[in-house]
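Results of the structural survey
So you can see what is in the structure, the chains are spelled out below.
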Amino acid sequence: MTLALNGSSEKKVTKTAVCFMGLSHLLYLKEYLKGIIFALIEIGFIGCIPFIAGKIKDLITLGDPHPELAARYRDNSTYMLIDGILVLAFIFIFVALYVISVRSAKKSYGIYCRTGRYSSQKISESLNNAFPTFGIAPCVVMLLIFVVVPLVFSIAVAFTNYSSPYHLTPAKTVDWVGADNFISLIFGGTGWSAGFARIAVWTLVWAVLSTFTCYFGGLIVAIQLQESGIRFSPVFRFIFILPYAVPSVITMLVWKNMLNGTFGTINRTLWALGIVKHGTVIPWLGDATLAQIMCIVVNLWAGFGYFMMLSMGTMTAIPKDLYEAARIDGANNAQVMRHITLPLVLFQTMPLIIMSFTHNINNFGIIYFLTGGEPTVADTTTTRAGGTDILVTWIYKLTMNLMRYDFASVIAVLIFVVLAPFAIYQFKNTKAYKEGEL
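Predicted, not measured: the structure shown is a model, and the values here were computed from it.

Some details on a nonpolar patch on the surface
A surface patch of nonpolar side chains, about 1000 Å² in accessible area, is lined by Ile230, Phe232, Val235, Phe236, Phe238, Ile239, Leu242, Val246, Val249, Ile250, Leu253 and Val254. No other element matches helix 9 (residues 233-245), which puts five residues into the nonpolar patch. The residue Ile239 is located in helix 9 in this model.

Points about the layout of surface pockets
Counted as a void, the second largest pocket has a volume near 350 Å³. Lining the second largest pocket are 17 residues, and of these Tyr244, Asn299, Gly303, His359 and Asn363 sit closest to its centre. Of all the secondary structure elements, the ones that give two or more residues to the lining of the second largest pocket are helix 9, helix 12 (288-315) and helix 14 (333-361).

Observations regarding empty space enclosed by the protein
Tallying each qualifying case throughout the model produces one cavity of 30 Å³ or more. Empty space within the largest cavity amounts to approximately 40 Å³. Along its surface, the largest cavity is lined by Leu62, Ser77, Thr78, Leu81, Phe153, Thr160, Tyr162 and Val174. Its residues assigned to classes, the lining of the largest cavity shows five nonpolar, three polar and no charged.

Observations concerning the environment of Leu81
Secondary-structure assignment places Leu81 in helix 5 (residues 77-115). C-alpha of Leu81 to C-alpha of Asp389: the two residues are 308 residues apart in sequence and 30 Å apart in space.

A short note on the confidence of the model for the protein
Chain-level pLDDT for the protein is 86 on average; 92% of the residues reach the 70-or-more range. Across the protein, element-level confidence peaks in helix 4 (residues 49-61) with a mean pLDDT of 94 and bottoms out in helix 19 (residues 431-435) with 52.

Some words on the packing of helix 8 (residues 191-227) against helix 14
Axis separation between helix 8 and helix 14 bottoms out at 10 Å; the angle between their running directions is 145°. When you trace helix 8 past helix 14, the crossing you get is right-handed. For the pair formed by helix 8 and helix 14, the contact residues are Thr203, Trp206, Ala207, Val208, Ser210, Thr211, Tyr215, Leu219 and Ile223 on the first element and Met337, Thr341, Leu342, Val345, Leu346, Thr349, Ile353, Ser356, Phe357, Asn360 and Ile361 on the second. A breakdown of the residues in the contact of helix 8 with helix 14 according to their chemical character gives 13 nonpolar, seven polar and no charged.

Considerations on unusual backbone geometry
Each neighbour pair has its own omega, and for Glu374 with Pro375 the value is 5°, a cis peptide bond. Examined against the element boundaries, Pro375 turns out to sit in the loop between helix 15 (364-370) and helix 16 (380-383). Located in the positive-phi region is Leu62, a residue other than glycine, with phi close to 60°. Residue placement: Leu62 occurs in the loop between helix 4 and helix 5. On the basis of relative accessible area, Leu62 is assigned to the buried category, the value being 1%. The residue Arg384 is not glycine, and still its phi comes out positive at about 65°. Locating Arg384 in the fold gives a position in the loop between helix 16 and helix 17 (391-402). Given a relative accessible area of 40%, Arg384 falls into the partly exposed group.

Here's the deal with the side chain of Thr383
The topology assignment puts Thr383 in helix 16. Thr383 sits in the buried class, given a relative accessible area of 0%. Within the structure, Thr383 has its side chain in polar contact with the backbone oxygen of Asp379 (distance 2.8 Å). Residues within four places of Thr383 in sequence aside, it is in contact with Gly191, Trp192, Gly195, Trp394, Leu398 and Leu402.

What to know about the pattern of salt bridges
Counting across every chain of the model gives five salt bridges. Note that Lys34 is salt-bridged to Glu31, the shortest N-O span being 3.8 Å. The exposure class of Glu31 is buried, given its relative accessible area of 5%. A salt bridge links Arg198 to Asp379; the shortest N-O distance between them is 2.9 Å. Taken together, the positions of Arg198 in helix 8 and Asp379 in the loop between helix 15 and helix 16 put the pair 181 residues apart, joining distant regions of the chain.

Cut-offs and rules
By convention here, each chain's residues receive numbers from 1 onward along its written sequence. Predicted model: local features are reported for residues with pLDDT of at least 70 only, side-chain atom pairs are reported and counted for 80 or more only, and whole-chain, interface and lining totals are derived from all residues. Hydrogens and water are ignored here; the side-chain numbers use all heavy atoms of the structure. In this analysis, a patch consists of residues with relative accessible area above 30% that form no salt bridge, clustered at 9 Å for like charges and at 5 Å for the nonpolar side chains Val, Leu, Ile, Met, Phe, Trp and Tyr. Note on areas: Shrake-Rupley with a 1.4 Å probe; residue coverage comes only from the protein chains shown. Any carboxyl oxygen of Asp or Glu within 4 Å of a side-chain nitrogen of Lys or Arg constitutes a salt bridge here. Put simply, DSSP marks the helices as runs of H or I at least four residues long and the strands as runs of E at least two long, and each gets a number from the N terminus on. For each structure, a 1 Å grid was placed over the protein atoms alone; sets of points admitting a 1.4 Å probe that cannot get out are labelled cavities, open sets with protein on both sides within 12 Å along at least five of seven lines are labelled pockets, and lining residues have an atom within 4 Å of a point. Grid points are joined across faces, edges and corners, and a volume is the space filled by probe spheres set on the points. In this count, Pro and Cys sit with the nonpolar residues alongside Ala, Val, Leu, Ile, Met, Phe, Trp and Tyr, while Asp, Glu, Lys and Arg are called charged and the others, Gly among them, polar. Confidence scores per residue from the predictor, reported as pLDDT, run from 0 to 100. Between N-to-C directions, angles span 0 to 180 degrees; the directions come from axes that are lines fitted to C-alpha atoms, helices contributing only their stretch in contact. Two helices crossing with the near one rotated counterclockwise from the far one by less than a right angle form a left-handed crossing, whereas a clockwise rotation gives a right-handed crossing. Two residues qualify as a contact provided that any one of their heavy atoms is within 4.5 Å of a heavy atom in the partner residue. Exposure is judged per residue with a 1.4 Å probe applied to protein chains only, and the accessible area is read against the type maximum: over 50% gives exposed, under 20% gives buried, and values in between give partly exposed. Polar contact criterion, stated in full: a pair of N or O atoms within 3.5 Å, where within protein one must be able to donate a hydrogen and the other to accept it, and residues adjacent in sequence count only if both atoms are side-chain atoms.

What follows is the structure, given as structure tokens:
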């Protein structure tokens, strides 16, 4: 079958390619190898349609309860959900290949219109042309299976009633409930919604305060070490970076013992110095508000060293001519810091401040190992969330203790919705993104 050189046969080529993968390559473009490969892909997909349909049906229904059967013979909703998402990923890959086949046909026809001859049928040349596609294909497939599928599964669980004791697989099946979990957790007006509101507010307060205290604490220390002319400043830098370098599990457990209200070192030191009456118990970690304050203080102790080193590295890159010109103009130390040092350091480190904020929202270690989310508050009996729990530690308790996977997934989705804009903003402001190169 012949094709017109003036491009008028483009619709015919496109329609044929859309009707069946590789058909245009076989009928019009004489690219037999490519056409056979594309045709085999579609034939294989058609052969898998009964299997795909069954998995899609299982994804929609998530199984039927059969209490009369043994546990290993019952429908497992979790497996059905995972299999269904994997099948959707498989369909996505097939659709992507279908689009590639159509574009390939149009591209080959364009080459035919420009040159007046068909593309080369040499296998070596065809493989060279297809090398970029084959090279990136394994990465795309692995990304889809090991990143996208688990992420979609976590999001999907938020729209089910997957929880203990009534909908826990394999003994029970799971059902789709739509947005009921979101409504119950956020707007339900129950202990759950009150607990969520309390923890969400504290998480934001924690993230903001822990980020800015560490940043400005490290900046102030860096300026002092840089400007004061201390002879042994490298020794102080080494000492100040130690809390950040030591694993937080160890340091947080040490602080937990030191802040113990009964036998902690801090209370006993205050007794020995006569600052408080002997036997007076200061509940550093026993009162919700005081425990939250101590979390921020201990995080400042552990994290300011990182920003200190970061700020000092940035300040060393500031040209000395700026400082000399400012001194000649009569600027004092405070003015130099305000108009030269601080603006330049902030400009260089602002993306890292955003990154630190997103990190602190999910800073599991500091809270869990220092307080374990304690102390208990009014809604702890219902939600199992203590006075210092942030959203990520609450997710841990919901999954490990209560087995409320549905609510845990809802919280994870909400965290993603909050953090995704920050991550996108940070990525778009990187040099590699702006310049299109590393």
